[in-house]
Each structure stands twice: as structure tokens, then as C-alpha cells.
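# Reading the structure
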Number of protein chains: 2
Amino acid sequence: MLRANADFYRAFAARDMALMDSVWAESAPVACIHPGWAPLTERTAVLESWQRILANPDQPPLECLQPRAFVHGETAFVLCYEKVGGDLLVATNLFLRERGRWRLAHHQSGPVAEIPAPPGPGARLH
Amino acid sequence: MLRANADFYRAFAARDMALMDSVWAESAPVACIHPGWAPLTERTAVLESWQRILANPDQPPLECLQPRAFVHGETAFVLCYEKVGGDLLVATNLFLRERGRWRLAHHQSGPVAEIPAPPGPGARLH
């Protein structure tokens, strides 16, 4: 399941618009909230925004950190951090299963203060 | 479907922790990204965060604006704006259907610059 999420970030890193297109859902509704932007809806508008981002020579690389998948039947969401230039973001990627394949239906990314340190050997989770 | 979303904001407005508890999913995974925070996962941690927020006397009221629902089978996400004091946020609320009832599985809210004006009479959508 995290492979579909990795494909999304691989498309970004490689500026591969064909891969980016194939990542997004075909039959499910599609939407996207870039950091600070109003939501984009409709597949065409979402893909156009990614085309502009990937074509922008000033776009810094984006690193996906600590992706965690939460799966419930044919629906899954991945939470991860995104390091973009000097900025740190936190993202939700919502995937739906279409004909046996996980496709991205919605992405929201927004600023986060920091990535919390993982619990150390003496830490208590509960 | 938007009724479940309205219940979430009604629980917030009324500081009604019992309603807030009933809004969130029981069997699906639960997560929440408050603005600027790292993701909270596990139902208990998410509900505890809402308890602290609702119990905080300095918490300004929150207004949900322009909710739009995107439904795909037993999965739906609502995109809306949130006006909190002087801040404007944009949110994703992910709902999954549990025993015939829409329950909230994930919420992410983050800053947005402005709410775009709706298209005027002479505006073109395409």
C-alpha cells in the first residue's frame, strides 16, 4: 500500500507527469489542497496544478519522511512528513482501491512545527 | 452525509464531548492533524486532544464554511474552511461508513490564505 504513496513522491522527484497522472484515481472523486491554497477539485484541475509545480525550475525537491499507512478495506490514508527546501509539512494522502490498484483520491499538505523524536528505549507509549 | 460533518462542528461549538466521541469511527483507524501539530493516531489520543481543546476556556469558536462532500461508495471526504478567531483554515474530514452510519476517521486542518470568491454571473468555469 505504501508503494502507491511512494509512486506519488517518485513522480514528484522525477518530474514524471505520466506517472503522476497514473497515480491519481480515475473513477473516484479527486481533490488536492496544496499548502496555503484553496482546495482544487476535479481531476483536470488537480493534474494541471501538478504539471505547473513539476515544470517550475524553482521548485525545490520534496522528501517524504516517515510514511504510515492506515488501511480499512478498500480505503487507506497515509500520513507523512514532507521536507521541501527549508520547510517542513505534514500530509494526508487518501487512497481508494480501483480495479485492484490503490489510486490517490485526495492530498492535503500543510505546515508542521517539527517532527517529534521517536520514543527512546525508556519511553512509555501508554 | 454532510450531517455527520455538521455533527462534528456542532460538538465543537457546544463543547459536547459525548457527541464528539460518537462522531469518530469505532472500528476504522482514527487519526487527526491539528494545525501545526504532528499527527495524532489511535482513537484515545485523538479524543483526548479534543477533550483538551473543548475544555480550554481560551479556545475561540470555530465556524465551518462552505462544506463540500465527495462520496465514493462507503468512503467520503468533506472539504471545508474553518474560521477560528482571526485565523482561516482549510480542512479535510474523512468519513467511513460503519454499520450504516458515517463516522469520522481522519481530520486534517491547516492554514489557508483566503476563501476564493465564488464565480460571478459572468464567470466561466471552463
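One can find the structure itself at the top, above this paragraph.
Heads up: these notes are all about the structure in this document. (Residues numbered from 1 in each chain as written. Chains lettered and ligands numbered in written order. Predicted model: local features only at pLDDT ≥ 70, side-chain atom pairs only at ≥ 80, totals over all residues. Heavy atoms only, no water.)

### Quick look at the sheet that holds strand β5 (residues 87–98) of chain A
All names here are of chain A.
- The sheet built from six strands is open, its strands ordered β2-β1-β6-β5-β4-β3 with mixed pairing. Sheet topology places β2 (40–41) and β3 (62–72) at the edges, where each strand pairs with a single neighbour.
- Relative to strand β6 (residues 101–111), strand β1 (residues 31–33) is paired through three bridges, and the arrangement is parallel. Across the sheet, the residue bridging to A31 is H106, located in β6.
- Where helix α1 (residues 2–14) meets the sheet, its contacts fall on β3, β4 (75–84), β5 and β6, and the angle it forms with β3 comes to roughly 155°. (Pairing = 2+ DSSP bridges. Helix = DSSP H or I, 4+ residues; strand = E, 2+ residues; numbered from the N terminus. Contact = heavy atoms within 4.5 Å. Axes fitted to C-alpha atoms, helices over the stretch in contact; angles between N-to-C directions.)

### What about the pairing of β3(A)?
- Note: β3(A) against β4(A), nine bridges, orientation antiparallel. Its bridge partner being in β4(A), V71(A) is matched across the sheet by A76(A).

### What to know about the packing of aromatic side chains
Residues and elements named next belong to chain B.
- If you walk through the whole model with that rule in mind, you get 10 aromatic pairs over all chains.
- Look at F12 and W50: their rings are 6.0 Å apart centre to centre, the planes differ by 85°, and that puts the pair in the edge-to-face class. Remark: W50 occurs in helix α3 (residues 43–55) and F12 occurs in helix α1 (residues 2–13); sequence separation between them is 38 residues. Residue F12 shares its accessibility class with W50, and that shared class is buried. (Phe/Tyr/Trp six-rings, centres within 6.5 Å; stacked < 30°, edge-to-face > 60°. Buried < 20%, exposed > 50% of the residue type's maximum accessible area, 1.4 Å probe, protein only.)

### Things to note about the side chain of T75(B)
- One can find T75(B) in strand β4 (residues 75–84).
- Judged by relative accessible area, which is 6%, T75(B) ranks as buried.
- Here T75(B) is in contact with T75(A), L96(A), F70(B), L94(B), F95(B), L96(B) and W102(B), once residues within four sequence places are set aside.

### Thoughts on the sheet that holds β4(B)
Residue and element names in this part refer to chain B.
- Here we have six strands laid out as an open sheet, ordered β2-β1-β6-β5-β4-β3, and mixed in their pairing. The sheet is open, and its two borders are formed by β2 (40–41) and β3 (62–72), each paired with just one other strand.
- Packed onto the sheet, α1 meets β3, β4, β5 (87–98) and β6 (101–111) and runs at close to 155° relative to β3.

### A look at the interface of chain B and chain A
- Tallying the contact residues gives 32 residues for chain B and 32 residues for chain A.
- In total, about 2,500 Å² of surface goes out of reach between chain B and chain A, with carbon and sulfur atoms giving 71% of it.
- Inspection of the region where chain B meets chain A yields zero salt bridges.
- Where chain B packs against chain A, one counts nine residue pairs in polar contact (both at pLDDT 80 or more).
- Listing elements by their share of the side of chain B that touches chain A, those giving two or more residues are β1 (31–33), β3, β4, β5 and β6 of chain B.
- If one sorts the elements of the side of chain B that touches chain A by residue count, β6(B) sits on top with six residues.
- Split into classes, the residues belonging to the side of chain B that touches chain A amount to 21 nonpolar, 10 polar and one charged. (Buried area = accessible area lost by both parts, 1.4 Å probe. Salt bridge = Lys/Arg side-chain N within 4 Å of Asp/Glu carboxyl O. Polar contact = N/O pair within 3.5 Å; in protein donor to acceptor, adjacent residues only side chain to side chain. Nonpolar A, V, L, I, M, F, W, Y, C, P; charged D, E, K, R; others polar.)

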